[in-house]
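Chains, contacts and geometry: an overview
Below are the chains, spelled out letter by letter.
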Amino acid sequence: MSEDPSRVGVIVVAAGAGERLGRGIPKALVQCAGRTLLEHALHGVLTSAVAAHVTVVVPRGDSQLRSIVAAQTHPQVTMTAVDGGSNRPESVRAGLNALPPDIDIVLVHDAARALTPPHVFRAVAACVRKGSAAVVPGIPVSDTIKVVEGDTVTSTPERALLRAVQTPQGFNAATLRTAHADPSAAASATDDAMLVEMLGIPVTLAQGDPLAFKVTTPLDLTLAEAILQAPQYAKEQQ
Ligand code: CTP
Ligand code: MG
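On a predicted model such as this, the values are computed, not experimentally measured, just so you know.

Observations regarding the layout of surface pockets
- Considered as a void within the structure, the largest pocket measures approximately 770 Å³ in volume.
- Taken together, 30 residues make up the lining of the largest pocket; nearest its centre are Gly16, Arg20, Lys27, Arg88 and Lys214.
- Its residues placed into classes, the lining of the largest pocket shows eleven nonpolar, eleven polar and eight charged.

This is the structure in structure tokens:
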């Protein structure tokens, strides 16, 4: 597959309510060091230059995130905004329906992973281009993870075998459409790769980045603000 961005689309899911952040507004609209989380996320997508089509999935009835999308000017990229659904898989499906039908590769990205560096988008897209049907960026975990039932620990998976998985996740477009074909099966999925795994299709791991962490709680937002104000951060964003 060529490196032609015209055959690549990115879905940025930004239709969540941000309940755990607790600001009473959609998380993608929350300001972080002078810009909204959506603007930070789109900066990473556009700087990576992997895709000619970007669709941002916004909460139904929202006008502010739509205005942010409309204000983005990039000569080589078509940007659209569409209404999301009541869970993340529904929002991804809405984004998929809004992308041109003839694209080969789709990257699905959480707006909440607002500081994801451009090199992660490039690595994921390159891996799909090389032939992987599904690609997830991941990093080693530093905590020991326990499996529990209630308050009883039932097992301890070997840490060296675990990866914390991030977005953007990249897919052969036909594979992602098949994975999302059954809305009721997809409803409980916490990421898109999981739906591909359920089809029995192998998922490939690519190099993630600690900066691709998800802004979920107020503590994460404080971390994101501190990173954006740190002098060494600028060189990561290339
Ligand atoms: N998302 C979405 N549509 C939904 C739910 C989530 O587009 N119905 C998006 C969010 O906007 C976010 C990403 O999926 O970019 C990951 O979800 P999460 O971190 O859970 O964000 P929220 O759902 O907004 O947060 P919370 O669960 O705390 O309400
Ligand atoms: Mg959520």
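Considerations on the pattern of salt bridges
- All told, the structure shown has six salt bridges when counted by the stated rule.
- The partner of Arg60 in a salt bridge is Asp83, and the shortest N-O contact between them spans 3.6 Å. On the criterion of sequence distance, the pair formed by Arg60 in the loop between strand E4 (53-58) and helix H2 (64-71) and Asp83 in strand E5 (residues 78-83) is long-range, its members being 23 residues apart.
- Accessibility expressed as a relative area gives 63% for Arg60, which makes it exposed.

Notes on the side chain of His53
- For His53, the position within the fold is in strand E4.
- On the basis of relative accessible area, His53 is assigned to the buried category, the value being 17%.
- With sequence-adjacent residues up to four places away left out, His53 is seen in contact with Ser6, Val8, Gly9, Val10, Val77, Thr78, Leu99, Pro100 and Ile103.

Concerning helix H1 (residues 37-48)
- With twelve residues, H1 should reach 16 Å at 1.5 Å per residue; the first-to-last C-alpha distance of 17 Å fits that figure.
- The buried count for H1 comes to nine of twelve residues, which makes it a mostly enclosed element.
- Among all positions of H1, only Leu37, Leu38, His40, Ala41, Leu42, Gly44, Val45, Leu46 and Ser48 are buried.
- Once H1 ends, the next one or two residues include Ala49, with phi positive near 60 degrees.

With respect to the pairing of E4
- With six of its six residues buried, E4 lies for the most part within the structure.
- Along E4, one buried face is formed by His53, Thr55 and Val57 and the opposite face, lined by Val54, Val56 and Val58, is buried too.
- Sheet analysis places strand E1 (residues 8-13) next to E4, joined by five bridges and oriented parallel. Its bridge partner being in E4, Ile11 is matched across the sheet by Thr55.
- Here E4 pairs with E5 via six bridges, running parallel. Residue Val58 lies in a different strand from E5, and its bridge partner there is Asp83.
- For the handedness criterion, the β-α-β arrangement of E4, H2 and E5 is classed as right-handed.

Some points on the site of ligand 1
- Surveying the vicinity of ligand 1 reveals 18 residues, the closest of which are Val13, Glu19, Arg20, Ser91 and Lys214.
- Contact distances for ligand 1 include 3.2 Å between an oxygen atom and a backbone N or O atom of Ala17.
- In the model, an oxygen atom of ligand 1 is placed 2.7 Å from a nitrogen or oxygen of the Lys214 side chain.
- In isolation ligand 1 offers 560 Å² of accessible surface; the protein chains occlude 86% of this area.
- With respect to the pocket detection grid, ligand 1 is positioned in the largest pocket.
- Across the shell around ligand 1, the residue classes break down as six nonpolar, six polar and six charged.

Digging into the packing of H1 against helix H4 (residues 118-129)
- It is at 8 Å that the axes of H1 and H4 come closest, and there the two elements cross at 55 degrees. Taken together, the axes of H1 and H4 are oblique relative to one another. Between H1 and H4 lies a crossing of right-handed hand. Contacts from Gly44, Val45, Thr47 and Ser48 of H1 reach H4 at Pro118, Phe121 and Arg122.
- Of the residues in the contact of H1 with H4, the class split is three nonpolar, three polar and one charged.

Describing the environment of Arg163
- In this fold, Arg163 is placed in strand E10 (residues 163-165).
- The class for Arg163 is partly exposed, based on a relative accessible area of 39%.
- The spacing of Arg163 and Asp62 is 101 residues in sequence and 35 Å in space, taken between C-alpha atoms.
- Setting aside residues up to four positions removed in sequence, Arg163 forms contacts with Ile139, Pro140, Val141 and Leu205.
- Separated by 3.1 Å, the side chain of Arg163 and the backbone oxygen of Ala160 make a polar contact.

Parameters at a glance
- Residues numbered from 1 in each chain as written.
- Chains lettered and ligands numbered in written order.
- Predicted model: local features only at pLDDT ≥ 70, side-chain atom pairs only at ≥ 80, totals over all residues.
- Heavy atoms only, no water.
- 1 Å grid on protein atoms, 1.4 Å probe; cavity = no way out; pocket = protein on both sides within 12 Å on 5 of 7 lines; lining within 4 Å.
- Points joined across faces, edges and corners; volume = space filled by probe spheres on them.
- Nonpolar A, V, L, I, M, F, W, Y, C, P; charged D, E, K, R; others polar.
- Salt bridge = Lys/Arg side-chain N within 4 Å of Asp/Glu carboxyl O.
- Helix = DSSP H or I, 4+ residues; strand = E, 2+ residues; numbered from the N terminus.
- Buried < 20%, exposed > 50% of the residue type's maximum accessible area, 1.4 Å probe, protein only.
- Contact = heavy atoms within 4.5 Å.
- Expected span 1.5 Å × (residues − 1).
- Pairing = 2+ DSSP bridges.
- Right-handed = clockwise from strand over helix to strand, strands pointing away.
- Near = heavy atom within 4 Å.
- Polar contact = N/O pair within 3.5 Å; in protein donor to acceptor, adjacent residues only side chain to side chain.
- Areas by Shrake-Rupley, 256 points an atom, 1.4 Å probe, with all protein chains shown as cover.
- Sits in = over half its atoms within 2 Å of the grid points.
- Axes fitted to C-alpha atoms, helices over the stretch in contact; angles between N-to-C directions.
- Parallel < 35°, antiparallel > 145°, perpendicular 65-115°, else oblique.
- Left-handed = near helix turned anticlockwise from the far one by under 90°.

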